[in-house]
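Residue strings, one per chain:
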Amino acid sequence: AQTVTQSQPEMSVQEAETVTLSCTYDTSESDYYLFWYKQPPSRQMILVIRQEAYKQQNATENRFSVNFQKAAKSFSLKISDSQLGDAAMYFCAYRSSFGNEKLTFGTGTRLTIIP
Amino acid sequence: DGGITQSPKYLFRKEGQNVTLSCEQNLNHDAMYWYRQDPGQGLRLIYYSQIVNDFQKGDIAEGYSVSREKKESFPLTVTSAQKNPTAFYLCASSIPLGGGRGDTQYFGPGTRLTVL
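What comes next is a walk through the structure. (Residues numbered from 1 in each chain as written. Chains lettered and ligands numbered in written order. Predicted model: local features only at pLDDT ≥ 70, side-chain atom pairs only at ≥ 80, totals over all residues. Heavy atoms only, no water.)

Turning our attention to unusual backbone geometry. The omega torsion of the bond from serine 7 of chain B to proline 8 of chain B falls at -10 degrees, within 30 degrees of zero and hence cis. Here proline 8 of chain B shows up in the loop between strand 1 (4-7) and strand 2 (10-13). In this structure, aspartate 81 of chain A is a non-glycine residue whose phi angle is positive, near 50 degrees. Look at aspartate 81 of chain A and you get partly exposed, because its relative accessible area is 39%. Residue asparagine 28 of chain B is not a glycine yet carries a positive backbone phi of 60 degrees. Its place among the elements puts asparagine 28 of chain B in the loop between strand 3 (19-25) and strand 4 (31-37). Judged by its relative accessible area of 55%, asparagine 28 of chain B is exposed. (Helix = DSSP H or I, 4+ residues; strand = E, 2+ residues; numbered from the N terminus. Buried < 20%, exposed > 50% of the residue type's maximum accessible area, 1.4 Å probe, protein only.)

Structure, rendered in structure tokens:
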């Protein structure tokens, strides 16, 4: 079974600075998908970014980018120019290319933005 | 507007009672999912349905039941057999399976269930 580990329960960053959230995963599959979701205080899960494992190029979405290291099974999220609205829980998730499309989530990292 | 709605936002239940959580989507998605979130944990899959009139158990299905009579609706019933039902419940949907592409799951706003 796949597992996802987020080793940083909490992180903080000064407004306008850059922060990197870590995620590692364990799988025996070669084709899969990785996601970062944001959960603000409203508790709705919002997709931040997704990465397809067969693509070597790292995904980017405006101020959000990932560092995908397939051999190391690492999938970190970098947030540039941090804004107060970025404060939230961030969850890393794994999805197999086969089977029921279940998302396997990590335990999350709480990000605080310091004004 | 297209999206996923869940109702109610807050739900209180007495021990021994069944309760049903609603999930509706107008995104024309075939697949729908129910997840449970507990403090300090990520989401865990309860049930999922890839097509109308079909559904499968997820990792923590005991004490829960679902139905999928319409494409737009996937209600979750929390039965009295669920030993620790107090949690935050999230519904999600995605476009159809096909070729193993990475179809993204979109989430509703969630329902907070508290057992009194």
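The subject of this paragraph is the environment of cysteine 23 of chain A. Residues and elements named next belong to chain A. Residue position: cysteine 23 is located in the loop between strand 3 (19-21) and strand 4 (24-26). We classify cysteine 23 as buried; its relative accessible area is 1%. Residues cysteine 23 and leucine 77, spaced 54 residues apart in sequence, show a C-alpha to C-alpha distance of 8.0 Å. Sequence-distant contacts of cysteine 23, that is, excluding residues within four places in its chain, are made with Val4, Thr5, Gln6, Trp36, Lys73, Ser74, Phe75, Ser76 and Cys92. (Contact = heavy atoms within 4.5 Å.)

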